[in-house]
Amino acid sequence: MKKCVIIGSGLGGLSCGCILAKNGYDVTILEQGTQIGGCLQCFRRGDAVFETGMHYIGSADPGQTLNTIWHYLEIGSDIPLERLDPDGYDVISFQGDHFRFANGKENFINTLADQFPQSKDELAKYYDLIQMVTSAAAMHSLNTQVDLNVNADYQIVSINKVIDSVISDPLLRQVLAGIQPLYAGEKDRTPFFTHALIFDFYNQSAFRIVGGSSQVAESLQKSIQKNGGQVLVQHKVDKIECDESRATAVITADGERFPADLVISAIHPARTMPLIDSHLIRPAYRRRVENTRNTISAFTVYLKFKKNTVKYLNSNIYYYRSDSTWGCEDYDERSWPKCLLYMHFCHEKNPVYAEAGEILTYMRFDEMQQWFGTHIGHRGEDYKAFKRRKAETVIAALEREIPGISHQIEHYYTSTPLTYLDYTDVPDGAMYGIARDVNDFGQVGITSKTKIPNLLLTGQSITCHGMLGVLAGSLITCSEVLSREVIFSQLKKV
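The rules we used
Residues numbered from 1 in each chain as written. Predicted model: local features only at pLDDT ≥ 70, side-chain atom pairs only at ≥ 80, totals over all residues. Heavy atoms only, no water. Pairing = 2+ DSSP bridges. Helix = DSSP H or I, 4+ residues; strand = E, 2+ residues; numbered from the N terminus. Axes fitted to C-alpha atoms, helices over the stretch in contact; angles between N-to-C directions. Polar contact = N/O pair within 3.5 Å; in protein donor to acceptor, adjacent residues only side chain to side chain. Contact = heavy atoms within 4.5 Å. Buried < 20%, exposed > 50% of the residue type's maximum accessible area, 1.4 Å probe, protein only. Right-handed = clockwise from strand over helix to strand, strands pointing away. Salt bridge = Lys/Arg side-chain N within 4 Å of Asp/Glu carboxyl O.

So, the sheet that holds strand β12 (residues 247-252)
The strand order across the open sheet formed by three strands is β11-β12-β13, and the pairing between neighbours is antiparallel. Only two strands of the sheet have a single partner each, and these edge strands are β11 (237-242) and β13 (257-259). Strand-to-strand, the axes of this sheet are offset by a mean angle of 20 degrees, without reference to chain direction. Where β11 lies against β12, five bridges are found, and the strand directions are antiparallel. Following the sheet pairing, Cys-242 is matched in β12 by Ala-247.

Below is the structure:
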């Protein structure tokens, strides 16, 4: 059996470990923290559970892409799901009105056409364009016959440029761009390809995971262990040992050596480079990886509601507080927060009342500079005061959208970009890792392959973020070892 050592136990590391363990590799996953899962982690405060990153998923109905991959990874059957409203799984609140994104082509077009009747044909054209783009991504569509030219073309043209070319109504243009907090979209920078993949993922079907997404990590760990692998926590990696031609082992901070025929880094590429001391990694590549621009981070308020006071909301609501759905990352003290993403946690099947919810908004890492380098629980009273002030501002903004909601909150908790940095080790506490930018062609060179032939990269910064994006990236990474033909033949047997 060939030994595979994987650095990081987020979704990318666990899913690669699962695939390779199923295919005869002796898999060891090394996690520096005490809890596996990365953005799949949940936390508990009293009797309430909160998501940290994977708030909802899509394409999970039978025959859809995520459903197929989950069954391939042997995790589909034991993860309980609660469907979001098919007639409005996402709701954009903008300029005094609500615009609902409904599941499926006809439902999506007809629902928005009720408010934009003159744009029905344009909405159909927009939807067909989404389908064309996503079908060109092999691991997202599980389609072996793809048009690589379409894939490339829409990675170098921005979201707003494409939407503006298809949609004539200025308000509808803003509404269609309203889901951008799902990928930290930036005007004139984020590729339409990213928007298309995220939109299609949730538009096929949309669900919350009952009880929290940490169950996905636990299920993947069981599958790895069933196939002879292991996941070790509190094993911080200090070095990827290399000889003249390849990686030979992974060394932890306490000196433990794990020999390896194959090494996969599932942590941020910029965190991987310092682990490697090898002439095979050229200085120009190292600099490009280490200097990549990351997406903005987030400030999150976690809400524990008073018992039986808040009806469960099976939609996600995006509240925009300015005259555009673009530019929410560009704020000052007076204008922040420009947007809010408000969601409920699903604690049981068919809930009537919500126990917990979350409000997420953008926050730049530069607001954290005075506390950078401090440790959890030891950041001082000024940090606590900062979080309280920001939380009260966010809750007041939600109160203006939902009058009375603040009186139904029993407790609240917060996380900042520093929190995200602490638990995921992503530079700048970035929500989605490396920022995709149509103006920066240098980042295109960061793929799963490296100049060290048996060192591969995976995770949200390599392909796309989110549940399906990371899993598609894991299929791509593992296809470098097993071949794409083997991966697709196994998927077809699911």
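Now that the structure has been shown, we can carry on.
Quick notes on the environment of Lys-125
For Lys-125, the location among the structural elements is in helix α4 (residues 120-135). Measuring from C-alpha to C-alpha, the distance between Lys-125 and Ile-109 comes to 9.9 Å, with 16 residues separating the pair along the chain.

Digging into the side chain of Thr-190
The residue Thr-190 is located in the loop between α8 (170-176) and α9 (192-204) in this model. At a separation of 2.7 Å, a polar atom in the side chain of Thr-190 contacts the main-chain amide nitrogen of Glu-186. Those residues in contact with Thr-190, other than ones at most four positions away along the chain, are Val-157, Ser-158, Ile-159, Tyr-183, Ala-184, Gly-185, Arg-436 and Val-438.

A look at unusual backbone geometry
Between Trp-336 and Pro-337 the backbone carries a cis peptide bond, its omega angle lying at -5 degrees. Inspection of the secondary structure puts Pro-337 in the loop between β16 (316-320) and β17 (339-344). In this structure, Ser-59 is a non-glycine residue whose phi angle is positive, near 55 degrees. When you line up the elements, Ser-59 lands in the loop between β5 (57-58) and α2 (65-72).

Considerations on the pairing of strand β2 (residues 26-30)
Burial runs high along β2: four of the five residues are buried. In this structure, strand β1 (residues 3-7) lies alongside β2, joined through five bridges in parallel fashion. Paired with Lys-3 across the strands is Asp-26, a residue of β2. Read as a crossover between parallel neighbours, the route from β1 over helix α1 (residues 11-22) to β2 is right-handed. Two elements, β2 and strand β10 (residues 230-232), share three bridges in a ladder whose sense is parallel. For Thr-28, the partnering residue across the bridge sits in β10 and is Gln-230.

Considering the pattern of salt bridges
Tallied over the full model, the rule gives 21 salt bridges. For Lys-3, the salt bridge identified is with Asp-26, shortest N-O distance 3.1 Å. Taken as a pair, Lys-3 in strand β1 and Asp-26 in strand β2 lie far apart in primary sequence, 23 residues in all. Asp-26 gets classed as partly exposed once you look at its relative accessible area, which sits at 22%. A salt bridge links Glu-241 to Arg-257; its shortest N-O distance comes to 2.6 Å.

By themselves, these observations are geometric and do not establish any function.
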